[in-house]
Amino acid sequence: MNKLRVVLKTAVLLVTVLCGYTAASTTEHIPFTNASDRNDVLKLQETLEEEQERRQGLYERIRENESLLKEYNTEQKNSREYAMQQAVEDLKAKAGMTEQSGNGVKITISPSSSVNIGEGRSVRPVLLRRLVNELNQFGAGAVSIEGKRILETTAFRSIDGVTHIDGRRLPDIPLEMKVMAENTDQLYNELLVSESKEYFSLENMKLNAQKKENLTVPSYNEVRRVQHMEVMEEDE
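Numbers given to residues run from 1 along each chain, matching the order in which its sequence is written. Only residues with pLDDT of at least 70 get local features here, since the model is predicted, and only at 80 or more are side-chain atom pairs given and counted; chain-wide, interface and lining totals rely on the full set of residues. With hydrogens and water stripped out, all remaining heavy atoms of the structure feed into the side-chain values.

Moving on, we get to the overall build of the protein chain. In terms of regular secondary structure, the protein chain is built from 5 helices and 8 strands. Ordering the α and β elements of the protein chain from the N terminus gives α-α-β-α-β-β-β-β-β-β-α-α-β. What makes two residues a contact is simply this: any of their non-hydrogen atoms within 4.5 Å. The long-range share in the protein chain, meaning contacts at least 24 apart out of those at least 6 apart in sequence, stands at 80%. Using the Shrake-Rupley algorithm and a 1.4 Å probe, accessible areas are obtained, with residue cover drawn only from the displayed protein chains. Taken as a whole, the protein chain presents about 16700 Å² of accessible surface, with 49% of it coming from carbon and sulfur. Secondary structure elements follow DSSP: runs of H or I of four or more residues count as helices, runs of E of two or more count as strands, with numbering from the N terminus.

Okay, structure coming up:
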């Protein structure tokens, strides 16, 4: 709308200038034979000078409008590009494709004191999945287990009695988890009384949580496989 208004103003100014220029050009060749004619010509010359000054002012206004229109178009373009770039970055963050750093909680899964620490033990997939679900309920923004980013599509499976995450073998305990959250205190307090803590204790394991001011959760570095995707036709 602003662009159309500027174009209309410019068109009106150009028409006004053309009319004034035509009138002025006509008076330049009028012959005079007496004092009356001479006075008329002098008045026309004064009018011509005024018209030239007015025309110069119109030209300056036209240039100003053109400059404003150019700045407006540039701002609009930059605004669109910035908004698109921010949208892409937000989507990447939600998809776990970006590394995140900040305040969070570090969780250590280790054997209970009554169990031999040297004994190799694998945490059952169901326990890990339950713990991750609870962390998400507590406001977790990003989660990693032993340096591997955990997403909503991450698969926890047991192969020959050993837990695998997305097809990769998970080391035996102790395990280290890193959890990012906007409200670290809330997540920490919820974890202290969580059901997962009780479930782990029933299997002679314990969860030790510590609040940290500088944690880094890595990005997801695997190839995400999308299934059951359909092509959507664009509306005409």
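There is more to say, and it comes next.
A few words on the sheet that holds strand S1 (residues 100-111). Read from one edge to the other, the open sheet built from 5 strands follows the order S3-S2-S7-S1-S8, with strand pairing classed as antiparallel. Edge strands, defined here as strands with exactly one partner in the open sheet, are strand S3 (148-150) and strand S8 (205-217). The sheet shows a mean angle of 25° between the axes of neighbouring strands, taken without regard to direction. Pairing analysis gives 5 bridges linking strand S2 (residues 140-145) to strand S7 (residues 175-181), with the strands arranged antiparallel. Bridge pairing in S7 links Ala140 to Ala181. We treat two strands as partners when DSSP finds at least two bridges between them. Lines fitted to the C-alpha atoms define the axes, with helices restricted to the stretch that makes contact. Angles between their N-to-C directions range from 0 to 180 degrees.

At a minimum axis distance of 9 Å, the contact between helix H3 (residues 125-137) and helix H5 (residues 195-202) shows a crossing angle of 160°. It follows from the interaxial angle that H3 and H5 lie roughly antiparallel. The two elements H3 and H5 cross, and the hand of that crossing is left-handed. Facing H3, whose interface residues are Leu127, Arg130, Leu131 and Glu134, H5 presents Glu195, Ser196, Tyr199 and Phe200. Just so you know the grouping, Ala, Val, Leu, Ile, Met, Phe, Trp, Tyr, Cys and Pro go in nonpolar, Asp, Glu, Lys and Arg go in charged, and all remaining residues, Gly too, go in polar. Per-class residue counts for the contact of H3 with H5 are 4 nonpolar, 1 polar and 3 charged. The labels follow the angle: roughly parallel below 35 degrees, roughly antiparallel above 145, roughly perpendicular from 65 to 115, and oblique for the rest. Handedness of each helix crossing follows the sense of rotation of the near helix against the far helix: counterclockwise by less than a right angle gives left-handed, clockwise gives right-handed.

Bringing H3 into the picture now. What a helix should span is 1.5 Å times the count of its residues minus one. Here H3 is 13 residues long and its end C-alpha atoms lie 18 Å apart, about the 18 Å a rise of 1.5 Å per residue gives. Burial here depends on accessible area, computed with a 1.4 Å probe over protein chains only, as a share of the maximum for the residue type. Under 20% is buried, over 50% is exposed, and the range in between is partly exposed. What H3 keeps buried is the set Pro125, Leu127, Leu128, Leu131, Val132, Glu134 and Leu135. Positive backbone phi, approximately 100°, marks Gly139, located one or two places after H3.

Glancing now at the nonpolar core. If you look at the biggest cluster of nonpolar residues, it comprises 28 residues, and the most contacted ones within it are Ile109, Val123, Leu135, Ile145 and Met177. Of all the elements in the fold, those that place two or more residues in this core are S1, H3, S2, S7, helix H4 (184-192) and S8. The element that contributes the greatest number of residues to this core is H3, accounting for 5 residues. With near-sequence residues (within four places) excluded, Val123 lies in contact with Ile109, Leu128, Thr163, Ile173, Leu175, Phe200 and Met205. By convention a nonpolar core is built from buried Ala, Val, Leu, Ile, Met, Phe, Trp, Tyr and Cys residues, the set being connected through side-chain atoms within 4.5 Å.

Another aspect to go through is unusual backbone geometry. Of the consecutive residues Ile173 and Pro174, the connecting peptide bond is found in the cis state with omega at 10°. Structurally, the position occupied by Pro174 is in the loop between strand S6 (168-169) and S7. Non-glycine residue Glu146 carries a positive phi angle of around 50°. The topology assignment puts Glu146 in the loop between S2 and S3.

A separate point is the pairing of strand S4 (residues 156-159). As judged from the 4 bridges shared by S4 and strand S5 (residues 162-165), these two strands associate in the antiparallel manner. Looking at the pairing, Ile159 lines up with Val162 of S5. The turn linking S4 back onto S5 is made up of 2 residues, and Asp160 within it adopts a positive phi angle of 55°.

If you walk across this open sheet you meet the 3 strands as S4-S5-S6, and the pairing is antiparallel. The open sheet has two free edges, formed respectively by S4 and S6, since each of these has just one partner strand. Note that S5 and S6 share 2 bridges and pair antiparallel. Bridge pairing links Ile165 to Arg168 in S6. Packing of H3 onto the sheet brings it into contact with S4 and S5, and relative to S4 it is tilted by some 170°.

Burial within S2 is extensive, with 5 of its 6 residues counted as buried. The pairing of S2 with S3 spans 3 bridges and is antiparallel. Residue pairing for S3: Val143 is matched across the bridge by Ile150. A loop of 2 residues connects S2 with S3, the two strands running antiparallel in sequence, and Glu146 in this loop sits at a positive phi of about 50°.

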